[in-house]
Amino acid sequence: MENQITTNMREYLKNHPALKFLFFGGKGGVGKTVMAGATALWLASQGKRTLLASTNPVHSLSGLLDLEVFGHITPLPGIDNASAYEIDTRETIEKSKKDIRDKINWFLRFADLQLKADEFVDAATLNPAFEESAMFENMLDLMFGEEFDVYVFDTAPTANARRLLGMSKIYSLWVDKMVRSREEAKSLRQLLSFSKKEEADPLMDYLVDFRERMGHARELLTNPELTSFFFVTLPEALPIAVITRFLKWFHDFGIPVGGIVVNGLLPEGDPEKTPEFVRNRRAMQAEHMQTIWKLFDGDVRALVPLFETEIQGIAPLQRLAETLFA
Ligand SMILES: Nc1ncnc2c1ncn2[C@@H]1O[C@H](COP(=O)(O)OP(=O)(O)OP(=O)(O)O)[C@@H](O)[C@H]1O
Ligand SMILES: [Mg+2]
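Here the structure is a predicted model, which is why all the values come from computation and not from measurement.

### Quick notes on the overall build of the chain
- Each helix and strand counted, the chain has 11 helices and eight strands in total.
- In terms of overall dimensions, the chain has a C-alpha envelope of 90 × 40 × 35 Å along the principal axes.
- In the chain, buried positions account for 46% of the 326 residues.
- On the chain, roughly 17200 Å² of surface is accessible, and the fraction owed to carbon and sulfur atoms is 55%.

### Re the packing of aromatic side chains
- Evaluated as defined, the whole model comprises 16 aromatic pairs.
- Pairing Phe-23 with Phe-229 gives two aromatic rings, centres 4.3 Å apart and planes at 5°, and the pair type is stacked. Here Phe-229 lies in strand β6 (residues 227–233) and Phe-23 lies in strand β1 (residues 21–25), a separation of 206 residues in the sequence. One exposure class covers both Phe-23 and Phe-229, and it is buried.
- What links up through ring pairs into an aromatic cluster is the set Phe-21, Phe-23, Phe-148, Tyr-151, Phe-153, Phe-229, Phe-231, Phe-246, Trp-249 and Phe-250.
- The cationic tip of Arg-319 hangs over the ring face of Phe-307; the distance from NZ or CZ to the ring centre is 4.5 Å.

### Details of the site of ligand 1
- Neighbouring ligand 1 are 18 residues, the closest being Lys-32, Thr-33, Asn-263, Phe-307 and Ile-311.
- One nitrogen or oxygen atom from the main chain of Val-30 is found 3.1 Å from an oxygen atom belonging to ligand 1.
- Taking Val-34, its main chain carries an N or O atom lying 3.0 Å from an oxygen atom of ligand 1.
- Its free accessible area being 630 Å², ligand 1 has 77% of it covered by the protein chains.
- Where the shell around ligand 1 is concerned, the elements lending two or more residues are α2 (32–45) and β8 (300–305).
- Sort the elements by how many residues they give to the shell around ligand 1 and α2 lands first, with three residues.
- In terms of residue class, the shell around ligand 1 is built from eight nonpolar, seven polar and three charged.

### Looking at helix α10 (residues 276–296)
- Relative to the 30 Å expected for 21 residues at 1.5 Å per residue, α10 spans 30 Å between its end C-alpha atoms, a close match to the ideal helical length.
- For α10, the full list of buried residues reads Arg-282, Gln-285, His-288, Met-289, Ile-292, Trp-293 and Phe-296. All buried residues of α10 project into a common sector of 155° when viewed along the axis, lining one side. Along α10, the residues that are exposed and aim more than 90 degrees away from the buried face are Glu-276, Glu-287 and Lys-294.
- The inward-facing, buried residues of α10 contact β6, α9 (237–253), β7 (257–265) and β8.
- After α10 finishes, the residue Asp-297 shows a positive phi value of roughly 25°.

### With respect to the sheet that holds β7
- Read across the open sheet, the eight strands follow the order β3-β4-β2-β5-β1-β6-β7-β8; overall the sheet is mixed. Taken across any chain shown, the strands that pair with only one partner, and hence form the sheet edges, are β3 (74–75) and β8.
- Its contacts with the sheet put helix α6 (residues 128–145) on β1, β2 (50–54), β4 (82–86) and β5 (150–154), and the angle it makes with β5 is roughly 165°.

### As for the pattern of salt bridges
- The full count for this structure, using the stated rule, is 14 salt bridges.
- Here Arg-211 ties to Asp-176 by a salt bridge, and the two come within 2.2 Å at their closest N and O atoms. Of this pair, Arg-211 sits in helix α8 (residues 202–221) while Asp-176 sits in helix α7 (residues 160–192), placing them 35 residues apart in sequence.
- Here Asp-176 falls in the partly exposed class, since its relative accessible area comes to 27%.
- The salt bridge involving Arg-281 is made with Glu-236; its shortest N-O contact spans 3.3 Å. One end of the pair, Arg-281, is in helix α10; the other, Glu-236, is in the loop between β6 and α9, and 45 residues separate them in sequence.
- Relative accessible area serves as the criterion here: at 33%, Arg-281 is assigned to the partly exposed category.
- Assessed through its relative accessible area of 26%, Glu-236 is described here as partly exposed.
- Each of Glu-137, Asp-141 and Arg-213 takes part in salt bridges that share partners, so that together they form one network.

Rules and cut-offs
Residues numbered from 1 in each chain as written. Chains lettered and ligands numbered in written order. Predicted model: local features only at pLDDT ≥ 70, side-chain atom pairs only at ≥ 80, totals over all residues. Heavy atoms only, no water. Helix = DSSP H or I, 4+ residues; strand = E, 2+ residues; numbered from the N terminus. Buried < 20%, exposed > 50% of the residue type's maximum accessible area, 1.4 Å probe, protein only. Areas by Shrake-Rupley, 256 points an atom, 1.4 Å probe, with all protein chains shown as cover. Phe/Tyr/Trp six-rings, centres within 6.5 Å; stacked < 30°, edge-to-face > 60°. Lys NZ or Arg CZ within 6 Å of the ring centre and 35° of its normal. Near = heavy atom within 4 Å. Polar contact = N/O pair within 3.5 Å; in protein donor to acceptor, adjacent residues only side chain to side chain. Nonpolar A, V, L, I, M, F, W, Y, C, P; charged D, E, K, R; others polar. Expected span 1.5 Å × (residues − 1). Arc of directions from axis to C-beta. Contact = heavy atoms within 4.5 Å. Pairing = 2+ DSSP bridges. Axes fitted to C-alpha atoms, helices over the stretch in contact; angles between N-to-C directions. Salt bridge = Lys/Arg side-chain N within 4 Å of Asp/Glu carboxyl O.

Quick look at the structure:
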């Protein structure tokens, strides 16, 4: 245990030149959005066509950048290679609802059931996981789109990628089973109707397509050359506990962890001139830093001080980037 950074952000990215998907996660309010923003600006300055994208339903990129980026990929004015985007789940959710309604209706007709799709649609879409999975779908569209060299994702405090990837394992078992029973139903139907012609089967197409998408997503998200999750924490007990849990999950799912960014460190100062309140907080931070070194040791990538003001606008983000990539 050395209590110092062995591989910093800049070195880490240098050692991972093909990195394409960077994620910033952590507890609420720890600085995920500003770190993602600063990282995107830095990558853009290195000549990579970069998209900074928010998958947090409570978006804050537009506010951070003083630029309306909700629902539209928007180039940052005056900055080469950088665009920003807040994923609009309303559109995705409406589209998914329609897709689901169409598929359920098709299935009800197929099965000759005199039922209305609406109840099934409500049951499926009132689930809070529905918004999350709509967000995930939308994120995958971006990732598969290949429009940019690098994607920096500002994520929600919940580790949605982890949960959805975990679910995708269960999904694929389920989809396999569905596909098999669809095949059986289809051949039975053809047998009974003495019809030899192939019928269109949108449900089957959907299932097969879904399985393929999830498989592709898992390939990208578990490839350590392409993907890295960075976790942001403050030198405080709760955010440390949160990322400790995340790290374990990510490890279990084989999702590559890029490292830890410690944010909000109080700068050193003359103790004589420092108010007791600040001295106490500094002492608390020093104690939690011991835990951080103990738990995360070689994974710590940066120590970012608390700036004298909040970080808002492109110039302060660039200043943060200089610290993050010092
Ligand atoms: N090092 C810092 N110095 C000063 N202010 C900071 C620093 N890091 C973050 N902030 C400020 O703290 C607030 C929270 O940061 P940010 O929005 O990036 O957190 P977050 O983790 O994305 O929050 P949420 O979970 O709500 O999305 C913002 O007002 C930001 O400007
Ligand atoms: Mg945020």
